[in-house]
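# Coordinates in review
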Amino acid sequence: MSETADRLRRYLEDELGECQSEDLKARLEALDDLEAVLDPEIMSSDVQTLSALGNETRYRLVRLLVEADEELCVCEITPLVDVSDSAVSHALSNLADADLVTKRKDGRWRKYRATSRASALLTVLDGSR
């Protein structure tokens, strides 16, 4: 028996008072089913999204765009944050890569809007305070 299975058997004995091989097998199968929800592509996308929000400038930009509930031009956004134009541009690019904002070129202007995913994440954060 592997060290992991042996440890799980000891845990189940503590929890159940005794551990039959059927108990161990059933628990291992349940854990295998649980592991199946850890889809690598989904996890990678979610980590990218959460990482994008893990920077104060990017978080502020998402918060502004969610609250605006409309498209804003970079020229409207930049004065609202205390960072350089290039930092705003870089942050917005990262947010677009993480599917938290959409960008659209309108002539010589770039316009950004928060996605429904960004709105949902901020709603969850707001509701958990």
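An unreviewed UniProt entry lists the chain under the name ArsR family transcriptional regulator, from Natronorubrum bangense JCM 10635.

In this section: the sheet that holds strand E3 (residues 109–114). Spatial ordering of the open sheet is given by E1-E3-E2, a layout of three strands whose pairing is antiparallel. On the outer flanks of this sheet lie strand E1 (72–73) and strand E2 (101–106), each paired with one strand and no other. As paired elements, E2 and E3 share six bridges and run antiparallel to each other. Bridging from a neighbouring strand, Asp 106 pairs with Trp 109 of E3.

At their nearest, the axes of helix H1 (residues 3–16) and helix H2 (residues 21–35) sit 10 Å apart, and the two run at 110 degrees to each other. Here H2 runs roughly perpendicular to H1, going by the angle between their axes. Every pair of crossing elements has a handedness; the one defined by H1 and H2 is right-handed. Residues Ala 5, Leu 8, Arg 9, Leu 12 and Leu 16 of H1 lie in contact with H2, whose contacting residues are Asp 23, Leu 24, Arg 27, Leu 28 and Leu 31. Residue composition of the contact of H1 with H2, grouped by class: seven nonpolar, no polar and three charged.

Cut-off values and rules
Residues numbered from 1 in each chain as written. Predicted model: local features only at pLDDT ≥ 70, side-chain atom pairs only at ≥ 80, totals over all residues. Heavy atoms only, no water. Pairing = 2+ DSSP bridges. Helix = DSSP H or I, 4+ residues; strand = E, 2+ residues; numbered from the N terminus. Axes fitted to C-alpha atoms, helices over the stretch in contact; angles between N-to-C directions. Parallel < 35°, antiparallel > 145°, perpendicular 65-115°, else oblique. Left-handed = near helix turned anticlockwise from the far one by under 90°. Contact = heavy atoms within 4.5 Å. Nonpolar A, V, L, I, M, F, W, Y, C, P; charged D, E, K, R; others polar.

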